[in-house]
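The primary structure of each chain is shown beneath.
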Amino acid sequence: MAIARTPTATAPKAPSPTVDEKKIEALINKGGSSTLAKQPMANEDEDEIKTVLLRTYESLVQEIDEFLLTIPKRSRPSRNAYIVEAVQQRLQRDKAKRK
C-alpha cells in the first residue's frame, strides 16, 4: 500500500488591486491636519482651562483641608475651587488698591 500526502486545499488568490501610483503620491502630498489638531471653540469668549503647578508648604495644604472639613459636605468646594476663589478675591482686592 502506498502512502500519499494529504491533499492541501489551495484557496483561490484574490486579484491584487491595481493602484495608480500617481493617485497615491497626490494623496500623500495633499497632507492634512492631525486628528489632535485644536478644534475651534464653540464660543470664542470662553477661557480655556490652564493647568498650573502650585508649590506650597504641606502645612498650608493641611490647614486648607482642615478648614474645608468644617464646611457641610453638600456645599463644600474642592481644594482647587477654594484656592482659585482665594486667588480671584486677592486679585480683585489688589486691583481696587491700584485705582
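What counts and how
- Residues numbered from 1 in each chain as written.
- Predicted model: local features only at pLDDT ≥ 70, side-chain atom pairs only at ≥ 80, totals over all residues.
- Heavy atoms only, no water.
- Helix = DSSP H or I, 4+ residues; strand = E, 2+ residues; numbered from the N terminus.
- Buried < 20%, exposed > 50% of the residue type's maximum accessible area, 1.4 Å probe, protein only.
- Areas by Shrake-Rupley, 256 points an atom, 1.4 Å probe, with all protein chains shown as cover.
- 1 Å grid on protein atoms, 1.4 Å probe; cavity = no way out; pocket = protein on both sides within 12 Å on 5 of 7 lines; lining within 4 Å.
- Points joined across faces, edges and corners; volume = space filled by probe spheres on them.
- Axes fitted to C-alpha atoms, helices over the stretch in contact; angles between N-to-C directions.
- Parallel < 35°, antiparallel > 145°, perpendicular 65-115°, else oblique.
- Contact = heavy atoms within 4.5 Å.
- Nonpolar A, V, L, I, M, F, W, Y, C, P; charged D, E, K, R; others polar.
- Patch = residues over 30% accessible without salt bridge, like charges linked within 9 Å, V, L, I, M, F, W, Y side chains within 5 Å.
- Salt bridge = Lys/Arg side-chain N within 4 Å of Asp/Glu carboxyl O.

**Q** Any details on the overall build of the chain? Residues and values, ideally.
**A** Counting secondary structure elements, the chain contains 3 helices and 0 strands. Mapped in sequence order, the helices and strands of the chain form the string α-α-α. Per-residue burial over the chain gives 2% buried out of 99 residues. When the accessible surface of the chain is summed, it comes to about 10800 Å², and 56% of that surface belongs to carbon and sulfur atoms.

**Q** Kindly report on the layout of surface pockets, identifying the contributing residues and their values.
**A** If a probe the size of a water molecule is rolled over the atoms, the empty space left behind becomes visible. Computed from the structure, the largest pocket encloses a volume of approximately 540 Å³. Lining the largest pocket are 17 residues, with Val-52, Asn-80, Ile-83, Val-84 and Val-87 sitting closest to its centre. For the lining of the largest pocket, the secondary structure elements donating two or more residues are helix 2 (58-69) and helix 3 (79-98). No other element matches helix 3, which puts 6 residues into the lining of the largest pocket.

**Q** So what's going on with the packing of helix 2 against helix 3? Which residues, and what values?
**A** The contact between helix 2 and helix 3 brings their axes to 11 Å, and the two run at 105°. The angle between the axes of helix 2 and helix 3 places the two elements in the roughly perpendicular class. Here Val-61, Ile-64, Asp-65, Phe-67 and Leu-68 of helix 2 come into contact with helix 3, specifically with Arg-79, Tyr-82 and Ile-83. For the contact of helix 2 with helix 3, the residue count by class is 6 nonpolar, no polar and 2 charged.

**Q** Go over helix 1 (residues 21-30) with me, naming the residues and quoting the values.
**A** Summarising burial for helix 1: 0 of the 10 residues are buried, a small minority. At the C-terminal side of helix 1, Gly-31 shows a positive phi close to 70°.

**Q** Could you give me a rundown of a nonpolar patch on the surface, with the residues and numbers involved?
**A** On the surface, Val-19, Ile-24 and Ile-28 cluster together into a nonpolar patch covering about 260 Å² of accessible area. Position of Val-19 relative to the elements: it lies in the segment before helix 1.

**Q** Lay out the pattern of salt bridges in plain terms, naming residues and giving numbers.
**A** Counting across every chain of the model gives 2 salt bridges. Ionic pairing is found between Arg-79 and Asp-65, a salt bridge with its closest N-O pair at 2.9 Å. Of this pair, Arg-79 sits in helix 3 while Asp-65 sits in helix 2, and the two are 14 residues apart along the sequence. Under the relative-accessibility criterion, Asp-65 is labelled partly exposed at 25%. Asp-94 is the partner of Arg-90 in a salt bridge, and the nearest nitrogen-oxygen pair spans 3.2 Å. Linking Arg-90 with Asp-94, this pair stays in helix 3, spanning 4 residues, or about one helical turn.

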